[in-house]
Amino acid sequence: MRVDVVSIFPDYLAPLELSLIGKARQDGLLELNVHDLRDFTSDRHRTVDDTPYGGGAGMVMKPEPWAQALAAVAADRPSGAAKPVLIVPSPAGERFSQAAAQELAGEERLVFACGRYEGIDERVMEWAAEHFTVRPMSLGDYVLNGGEVAVLAMVEAIGRLLPGVVGNPESLVEESHSDGLLEYPVYTKPSSWRDREVPAVLLSGNHGKIAQWRRHEQYRRTDERRPDLLEHFDAAKLPRADRTAFADLGYDIVDGHLKRRADSGGDSA
Ligand code: 6GU
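Residues numbered from 1 in each chain as written. Predicted model: local features only at pLDDT ≥ 70, side-chain atom pairs only at ≥ 80, totals over all residues. Heavy atoms only, no water.

A.B. asks: Explain the sheet that holds strand E2 (residues 31-36) here, please?
C.D. replies: Paired through their backbone hydrogen bonds, the strands of a sheet run either parallel or antiparallel. With parallel pairing, five strands are arranged side by side in an open sheet as E2-E1-E6-E5-E7. Only two strands of the sheet have a single neighbouring strand rather than two, namely E2 and strand E7 (133-138). Each adjacent strand pair in this sheet contributes to an overall mean axis angle of 25°, direction not counted. In this structure, strand E5 (residues 85-95) lies alongside E7, joined through seven bridges in parallel fashion. In the strand pairing of E7, Ile87 is matched with Arg135. (Pairing = 2+ DSSP bridges. Helix = DSSP H or I, 4+ residues; strand = E, 2+ residues; numbered from the N terminus. Axes fitted to C-alpha atoms, helices over the stretch in contact; angles between N-to-C directions.)

A.B. asks: Would you mind going over the pattern of salt bridges with me for this structure?
C.D. replies: Note that side chains of opposite charge can pair when their charged atoms are close. Per the counting criterion, the structure on display carries 17 salt bridges. Two residues, Glu103 and Arg135, come together in a salt bridge whose shortest N-O distance is 2.8 Å. Of this pair, Glu103 sits in helix H3 (residues 98-104) while Arg135 is found in strand E7, placing the two residues 32 residues apart along the sequence. Within this structure, Arg2, Asp4 and Arg109 form a network of salt bridges that share partners. (Salt bridge = Lys/Arg side-chain N within 4 Å of Asp/Glu carboxyl O.)

A.B. asks: When you look at the side chain of Arg2 in this model, what are you seeing that I'm missing?
C.D. replies: Mapped onto the secondary structure, Arg2 falls in strand E1 (residues 2-7). Not counting chain neighbours up to four residues away, the residues in contact with Arg2 comprise Glu31, Asn33, Val73, Asp76, Glu108, Arg109 and Leu110. (Contact = heavy atoms within 4.5 Å.)

A.B. asks: What's the story with the pairing of E5 in this structure? I'm lost.
C.D. replies: As a general feature of sheets, a regular strand has side chains that alternate between the two faces. Direction of pairing for E5 relative to strand E6 (residues 109-113): parallel, over a ladder of three bridges. Within E6, the residue paired with Leu86 across the bridge is Val111.

Geometric values such as these leave the question of function open.
Written out as structure tokens, the structure is:
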């Protein structure tokens, strides 16, 4: 996969040289190019922003440097190749998720346009649609000062799904959100630590029991921390023990979907 990032703070992307993603780049699994937006300005002050039409606080990023930068990045597309996806990090974007990361990991080329200030002149998004599939994306419902930190998160989430990046692909299967649930708790040696014991089932050697315990811990934890995820959980084909586990957590199964019983408090212990 090839990734291009355009930013007025290219140094912000330096952590992508480290760890798993840095290794993936060295191994040629991921080509990552960072571009300075100011290199695509044509005035002496390398201006990238201006005041907003209609008034209001803050500054807006000018369209022309963005068009120059994005045209340069899009220029070397082989004939016949698909349009790259242009991801525009923004709290006003579509929510980024594990499913989005999976989908984007299948793309040949991604381009990230890091806005700063109050954002980029909207006409850039319309113009860019000729060269890119434009996708404004948000990490969540909070505001960052710019897209750079969001790009670090998104490139890591996407990059680790590329073939060969994570050494043991099985670790991608049993992790939070891969199956719509939160991950089960994990333990390592020593089995007794500061008077706290590792759950006995994990020392039992009974792999069926361990798998069931872990699944039930996923249910319990998801119910406690992210009950919203259980609204989408497919409970149609659960084994009896799992149905019992959900009943104990206060859920009925109606038409294959979990439904919290009216008499069971959402925040009960
Ligand atoms: Cl993707 N960008 C910015 N600037 N702020 C955010 C965000 C993205 N996601 C949440 N807040």
